[in-house]
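Residue-level structure breakdown
Listed below, chain by chain, are the residues.
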Amino acid sequence: MSELGRILNENIHFHTLSAEEAISLMQTDKNGLNEEQVLERRSIFGLNALAEERRRTILGMFIEQFKNVMIIILIVAAIISGFIGEITDMAIIFAIVLLNAVLGVVQESKAEKALEALKKMSKPYAKIKRNGEVVHIKSEEIVPGDIVYIEAGDYVPADMRLIESASLKIEEAALTGESVPVEKTVDKLEKSDLVIGDRKNMAYLGSSVTYGRGMGVVTATGMKTEVGKIAGYLSTADTDETPLQKKMAEMSKYLSAAVLAIAAVIFVTGILQGRNYFNMFLISVSLAVAAIPEGLPAIVTIVLALGVQKMVKRNAIIRKLPAVETLGSTEIICSDKTGTLTQNKMTVKQLYFNKTLISDNEAISNSDGLEKAIQIMTLCNDSKMRRIDNQNIETIGDPTETALISFAAKTCFYKDKAEQEFPRRAEIPFDSERKLMTTVNEIKGKLICMTKGAPDILLEKCDRILTDGNIVYLNNELKEEIKAANSEMACKALRVLALAYKEIGEIPEKVTPETLEKQLIFAGLVGMIDPPREEVKDAIKTCKTAGIRPIMITGDHRDTAAAIAKELDMINDESEAITGAELDKISDEEFIGLVDKYSVYARVSPEHKVKIVKAWKANGKVVAMTGDGVNDAPALKVSDIGVGMGITGTDVAKGVSDMVLADDNFATIVEAVKEGRTIYSNIRKSIQFLLSANMGEVLTLFIATLLNWNILLPIHILWINLVTDALPAIALGVEKPEKDVMKRKPRKSQGNFFADGLGISIIYQGIIEGLITLGTYYTGLSLFSYEVAVTMAFATLGLIQLAHSFNVRSDRKSIFEIGLFSNKYQIGAVIISALLQLIVIIVPQLSKIFKVVPLNPVQWLIVAGASLLIIPIVEIVKLAWTLRSRVKAKAK
């Protein structure tokens with residue numbers, strides 16, 4: 001038996017073997033395995049189940065929140081504060097760190113449900129043959145070599161080579177992305193490099209039987225199945241940092257270096273001035289506290305969380321918090337076709353009758369002369385129709401057949417009523433060899449034989465044609481017209497069926513194709529396709545305007561994929577489409593240079609999807625992958641942001657996604673991108689506000705130390721950083737999107753966070769804040785007393801930052817242009833923060849803790865004037881920048 005294990009490890013292409021060769025290779029026969037063989041094989045291959053992935057605990061998720069450079073810096077600062085006796089400072093810093101961790105755990109739905117969902121796809125029981133007897137066993141007990149029976153309604157319990165097939169059709173959309181059930185055969189196939197969707201003599205775990213019955217020999221179980229391989233990709237796929245996480249890590253490094261440098265310079269300067277070592281250490285710690293924006297991690301988390309709530313209202317459910325921002329930097333959207341770009345519902349689009357091609361809408365509005373074709377569509381049909389209410393119906397069955405009865409219902413010809421009025425008296429089921437289906441129905445006392453099927457085959461069985469209500473001889477000229485119409489529809493990637501009928505006197509003794517499927521009257525052609533969602537075309541247009549490239553990745557055929565892509569304006573030429581088989585011939589390294597050439601990928605496997613995503617990422621692009629099937633899951637996980645479908649999506653796809661679309665609407669992604677861009681812009685505003693404030697604090701303390709002034713205490717800095725600044729920073733995070741946000745090109749993920757003038761703005765605005773604060777302290781010291789000067793400096797530093805929050809609402813536009821009161825949250829935040837700043841100075845019990853004194857009206861007037869001074873200064877800088885930009889634009 002070890003020989004069988006060795007053979008299966010060689011990756012045999014079972015679809016290239018005959019049924020007899022497959023049975024022989026699996027060392028079994030049609031009577032099935034005996035008990036001894038089963039036990040021996042189970043010891044080698046194990047249970048037919050997927051390996052479970054260890055789930056993270058709440059504690060594990062909580063600890064994960066502390067693996068962040070900024071958080072580590074804060075913890076070190078808290079420990080140092082406690083070591084030097086500043087217990088209040090330590091408590092405040094630890095509280096903010098814990099708040100950030102709790103917010104992270106609450107908001108992120110980190111549980112990986114993918115493998116559990118994959119396991120559930122297997123039906124618990126299967127019908128197999130062992131020791132010559134048919135038995136029902138748990139599907140996990142199946143072993144390679146077992147003989148399995150499947151029929152309509154069954155889930156396929158393992159990967160198998162089919163050895164018998166009777167009109168067997170299997171739905172493989174979740175695995176391959178192809179919406180139409182595959183007609184199965186037992187014949188061996190020649191090509192070894194066929195993708196899953198083209199291996200028509202194989203059945204795969206997780207797919208479902210929609211029609212007919214069959215029997216197969218199991219070739220793979222558990223993790224060796226195609227679904228098992230996907231599970232393997234999911235467990236080994238790396239999870240990269242999001243662009244925001246990278247930027248925050250980058251900023252943390254800058255801040256760490258700045259903190260150490262500032263503390264070292266101040267400490268050395270003080271020692272050279274002959275000051276006390278311990279006092280200089282305290283001052284250095286104060287500067288370090290001033291340099292670190294303690295509230296930043298929590299504020300970024302809160303801004304993202306608020307973005308999540310807005311996204312929910314737009315039908316986008318965020319599973320992983322940083323995903324909101326990642327969408328904003330998306331440059332490539334790799335989308336599955338079936339169910340994402342299309343409706344995942346076969347629909348009649350064109351008909352040919354009376355020697356004319358017409359659209360479905362034309363046929364519905366004027367169905368005169370179509371009665372016979374509609375009868376055939378409805379009665380020569382095994383699908384079912386159920387009425388939900390007077391207005392709505394539900395169809396059940398093969399997608400092609402449900403498309404036909406749905407179309408007929410639009411002309412007010414309903415299958416449920418038709419079956420009662422025109423009962424079926426005989427039938428010849430569809431099979432993949434003759435590619436036809438025939439029924440005999442009694443219509444108004446007459447027996448009518450009706451046939452539908454492949455146009456090229458059915459046309460040869462017709463000798464007459466129904467045209468303009470008359471039955472005429474079907475000559476070669478008319479046949480060529482029919483063939484031309486068939487070709488025209490096929491070129492549009494429509495699935496075409498021919499319709500024919502004849503009246504018979506009685507039902508033959510033997511109901512066979514030979515007795516019924518001949519001398520038929522041709523009634524017409526009907527073309528169907530899984531059409532694009534109506535809103536997708538506009539969404540793709542918006543994506544292109546925003547500099548985002550949409551890519552279609554599907555398991556469907558190239559012609560179908562290219563036709564849909566052209567209709568959606570995703571491609572201009574079929575040369576932009578490539579198949580999985582062609583992709584296999586290109587090495588990973590070579591493909592990185594060629595990936596830009598293609599926008600449509602057809603007949604692809606899960607490995608191909610991952611290859612495509614990785615190639616774009618290797619080109620420095622931020623890639624989003626949308627999808628709903630099991631086959632999308634590996635690429636969803638390896639992409640920068642995976643977008644699953646909430647309604648049609650499998651649990652597997654939703655389980656690995658960063659974001660789930662509750663309405664399965666591709667257009668929702670566009671709104672999500674807009675929200676992501678807005679959030680990133682707002683986070684930059686919050687960071688600009690906080691860091692310019694910290695820059696002002698550092699400069700104030702640095703210059704004060706050089707001048708031997710004792711200006712601010714550590715508790716003053718912490719209060720401003722964590723309380724006074726926090727609410728305005730959050731309010732900036734909910735600033736409305738700018739009008740041109742979706743007309744800009746995506747920002748580069750590898751670009752510097754402080755680019756586009758952000759770094760310069762932080763520096764010059766921080767210098768202004770610091771100089772104004774120092775000026776206020778000097779005024780207080782000169783005109784009043786040291787205690788008053790410290791209090792005035794503390795009040796000015798807090799209030800000047802509140803005034804400055806209005807400046808950073810736009811980096812270029814005047815606050816009067818965007819509307820001084822247009823952000824109601826900011827107005828509220830500024831009022832509350834200002835009141836808090838006043839309370840700690842005015843309330844005696846609090847003023848003692850903060851070591852400040854009450855101010856008189858004149859002193860408050862000086863503080864107010866100094867605090868508001870930053871607004872006109874920044875407005876002048878913005879005006880200068882605007883004028884300079886206009887001069888440059890004219891020069892070009």
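Being a predicted model, the structure only gives us computed values, none of them experimental.

On to the overall build of the chain, then. Of the regular secondary structure elements, the chain holds 38 helices and 26 strands. When burial is assessed residue by residue, the chain has 55% of its 892 residues classed as buried. Taking as baseline every contact in the chain between residues at least 6 positions apart, the subset at least 24 positions apart corresponds to 72%. Carbon together with sulfur atoms contributes 56% to the accessible area of the chain, which is approximately 38,200 Å² in total.

The next thing to look at is the packing of helix H22 (residues 536-545) against helix H29 (residues 666-706). Packing of H22 against H29 brings their axes to within 8 Å, and their N-to-C directions diverge by 30°. Classified by the angle between their axes, H22 and H29 sit roughly parallel to one another. Here H22 and H29 pass one another in a crossing that is left-handed. Listed contacts from H29 to Val536, Ala539, Ile540, Thr542 and Cys543 of H22 are Phe666, Ala667 and Val670.

Now for the pattern of salt bridges. Under the definition given, this model contains 30 salt bridges. In this structure, Glu183 and Arg495 form a salt bridge, with 3.7 Å as the shortest nitrogen-oxygen distance. With Glu183 in strand S5 (residues 182-183) and Arg495 in strand S19 (residues 495-504), this pair connects stretches of sequence that are 312 residues apart. Residue classification places Glu183 among the partly exposed positions, given a relative accessible area of 22%. Salt-bridge contacts for Asp463 lead to Arg464; the nearest nitrogen and oxygen are separated by 3.0 Å.

What follows covers the side chain of Thr451. Secondary-structure assignment places Thr451 in strand S16 (residues 446-453). In this structure the side chain of Thr451 is engaged in a polar contact, spanning 2.9 Å, whose partner is the side chain of Thr438. Look past the residues within four positions of Thr451 in its chain and what remains in contact with it is Ile376, Cys380, Leu436, Met437, Thr438, Leu458, Ala498, Leu499, Ala500, Glu517 and Leu520.

This part is about the layout of surface pockets. Within this model, the second largest pocket holds a volume of roughly 1,200 Å³. Considering the residues around the second largest pocket, the lining is formed by 46 residues, among which Val180, Glu183, Lys200, Arg495 and Val496 are closest to the centre. Going through the elements one at a time, S5, helix H17 (399-410), S16, helix H19 (455-459), helix H20 (476-491), S19, strand S20 (520-529) and helix H23 (558-567) are the ones with two or more residues in the lining of the second largest pocket. When the residues that make up the lining of the second largest pocket are grouped by side-chain class, the tally is 18 nonpolar, nine polar and 19 charged.

Right, let's talk about the state of the cysteines for a bit. Simply put, disulfide is the name for a covalent bond between the sulfur atoms of two cysteines. Evaluated as defined, the whole model comprises zero disulfides. The cysteine Cys380 is free of any disulfide, with Cys449 supplying the nearest cysteine sulfur at 8.2 Å.

A few words now on the nonpolar core. Grouped together as the largest cluster of nonpolar side chains are 90 residues, with contacts concentrated most on Phe522, Leu525 and Met659. Of all the elements, H29 adds the most residues to this core, at twelve residues. For Leu525, the contacting residues outside a window of four places in its chain are Gln350, Leu351, Tyr352, Pro455, Ile482, Ala485, Asn486, Met489, Val496, Leu497 and Ala498. Judged by nonpolar contacts, the second largest core, of 46 residues, contains Phe14, Ile23, Leu175 and Cys334.

With that out of the way, let us pick up the environment of Gly197. Along the polypeptide, Gly197 turns up in the loop between S5 and strand S6 (202-203). Each C-alpha atom of the pair Gly197 and Asp556 lies 7.9 Å from the other, and the pair is 359 residues apart in sequence.

A separate point is the pairing of strand S4 (residues 159-171). Both S4 and strand S7 (residues 208-220) contribute to a ladder of ten bridges, which runs antiparallel. Bridging across to S7, Met160 finds its partner in Val218. Two elements, S4 and S6, share two bridges in a ladder whose sense is antiparallel. When the sheet's bridge partners are listed, Met160 is paired in S6 with Ala203.

On to the confidence of the model for the chain. Here the chain shows a mean pLDDT of 83. Residues at 70 or above account for 88%. The weakest mean pLDDT in the chain belongs to helix H7 (residues 114-120) at 40; the strongest belongs to S16 at 96. Between residues 107-123, whose pLDDT stays under 50, and residues either more than four places distant or in other chains, the model counts 52 contacts.

Next up on the list: helix H26 (residues 606-618). Over its 13 residues, H26 runs 18 Å from end to end, which matches the ideal 18 Å to within 8%, given 1.5 Å per residue. For H26, a buried count of ten out of 13 residues is recorded, marking the element as mostly surrounded by other parts of the structure. Directly beyond the C-terminal end of H26, a positive phi value near 80° is found at Gly620.

A few words now on a nonpolar patch on the surface. A cluster of nonpolar side chains, contributed by Ile72, Val76 and Ile80, occupies part of the molecular surface with about 220 Å² of accessible area. When its relative accessible area of 30% is taken as the criterion, Ile80 is described as partly exposed.

Applying the stated criterion across every chain yields a total of seven aromatic pairs. Arranged with centres 6.5 Å apart and planes meeting at 10°, the rings of Phe413 and Phe422 form a pair that is stacked. The exposure classification of Phe413 matches that of Phe422, with both residues buried. The interplanar angle of 85° and the centroid separation of 6.2 Å between the aromatic rings of Phe591 and Tyr601 together place this pair among those described as edge-to-face. Of the two residues, Phe591 is situated in helix H25 (residues 588-594) and Tyr601 in strand S23 (residues 600-602); the sequence distance between them amounts to ten residues. Here the basic side chain of Lys169 rests over the ring of Phe430, its NZ or CZ set 4.6 Å away from the ring centre. Over the aromatic face of Phe591 sits the side chain of Lys611, whose NZ or CZ is 5.7 Å from the ring centroid.

So, on to helix H33 (residues 786-807). If you check H33, its first and last C-alpha atoms are 31 Å apart, about what 22 residues at 1.5 Å a residue would give, namely 32 Å. Of all 22 residues that make up H33, 20 are buried, and the element is covered over most of its length.

Let's shift gears to the sheet that holds strand S22 (residues 577-579). The pairing of strands in a sheet comes from backbone hydrogen bonds and takes either a parallel or an antiparallel form. With mixed pairing, the eight strands of this open sheet are ordered in space as S8-S26-S25-S24-S9-S21-S23-S22. The open sheet is flanked by strand S8 (316-318) and S22, the only strands paired with a single partner. Direction aside, the axes of adjacent strands within the sheet are offset by 20° on average. Of the pairings in the sheet, the one linking strand S9 (residues 332-336) to strand S21 (residues 549-553) comprises five bridges and is parallel in character. From the neighbouring strand, Ile332 faces S21, where its bridge partner is Arg549.

Time to look at the packing of H33 against helix H37 (residues 857-868). When two helices pack together, their arrangement is given by the angle between their axes and by how far apart the axes lie. Put simply, H33 and H37 touch, their axes get as near as 8 Å, and they point 35° apart. For the crossing formed where H33 meets H37, the hand is right-handed. Residue-level contacts link Val788, Met792, Ala795, Thr796, Leu799, Ile800 and Ala803 of H33 to Gln859, Trp860, Ile862, Val863, Ala866, Ser867 and Leu868 of H37.

So, on to the pairing of strand S2 (residues 133-138). Strand direction decides the pairing type here: strand S1 (residues 125-130) and S2, joined by six bridges, are antiparallel. In the sheet register, Ala126 faces S2, and the bridge partner there is Ile137. Hairpin connection between S1 and S2: a loop of two residues separates the two successive antiparallel strands, and Asn131 in this loop has a positive phi of roughly 55°.

Along the chain, Ser639 falls in the loop between helix H27 (633-638) and strand S25 (641-645). Spatially, the C-alpha atom of Ser639 lies 8.1 Å from that of Lys617, the residues being 22 residues apart in sequence. Residues contacting Ser639, with those up to four places away along its chain left out, are Val613, Lys617, Val623 and Met625. Only 2.9 Å separates the side chain of Ser639 from the backbone oxygen of Leu636, close enough to count as a polar contact.

Moving on to unusual backbone geometry. In this structure, Ser167 is a non-glycine residue whose phi angle is positive, near 50°. Phi is positive for Ala493, close to 65°, though the residue is something other than glycine. Its place among the elements puts Ala493 in the loop between H20 and S19. Ala493 sits in the buried class, given a relative accessible area of 9%.

A separate point is the side chain of Lys415. Assignment of secondary structure puts Lys415 in helix H18 (residues 415-421). For Lys415, a relative accessible area of 1% translates into the label buried. Of note is the side chain of Lys415, whose polar atom sits 3.2 Å from the backbone oxygen of Asn381. Of the polar contacts made by the side chain of Lys415, one reaches the backbone oxygen of Ser383; its length is 3.2 Å.

Calculation rules
- Residues numbered from 1 in each chain as written.
- Predicted model: local features only at pLDDT ≥ 70, side-chain atom pairs only at ≥ 80, totals over all residues.
- Heavy atoms only, no water.
- Helix = DSSP H or I, 4+ residues; strand = E, 2+ residues; numbered from the N terminus.
- Buried < 20%, exposed > 50% of the residue type's maximum accessible area, 1.4 Å probe, protein only.
- Contact = heavy atoms within 4.5 Å.
- Areas by Shrake-Rupley, 256 points an atom, 1.4 Å probe, with all protein chains shown as cover.
- Axes fitted to C-alpha atoms, helices over the stretch in contact; angles between N-to-C directions.
- Parallel < 35°, antiparallel > 145°, perpendicular 65-115°, else oblique.
- Left-handed = near helix turned anticlockwise from the far one by under 90°.
- Salt bridge = Lys/Arg side-chain N within 4 Å of Asp/Glu carboxyl O.
- Polar contact = N/O pair within 3.5 Å; in protein donor to acceptor, adjacent residues only side chain to side chain.
- 1 Å grid on protein atoms, 1.4 Å probe; cavity = no way out; pocket = protein on both sides within 12 Å on 5 of 7 lines; lining within 4 Å.
- Points joined across faces, edges and corners; volume = space filled by probe spheres on them.
- Nonpolar A, V, L, I, M, F, W, Y, C, P; charged D, E, K, R; others polar.
- Disulfide = S-S within 2.5 Å.
- Core = buried A, V, L, I, M, F, W, Y, C linked by side-chain atoms within 4.5 Å.
- Pairing = 2+ DSSP bridges.
- pLDDT = per-residue confidence, 0-100.
- Expected span 1.5 Å × (residues − 1).
- Patch = residues over 30% accessible without salt bridge, like charges linked within 9 Å, V, L, I, M, F, W, Y side chains within 5 Å.
- Phe/Tyr/Trp six-rings, centres within 6.5 Å; stacked < 30°, edge-to-face > 60°.
- Lys NZ or Arg CZ within 6 Å of the ring centre and 35° of its normal.

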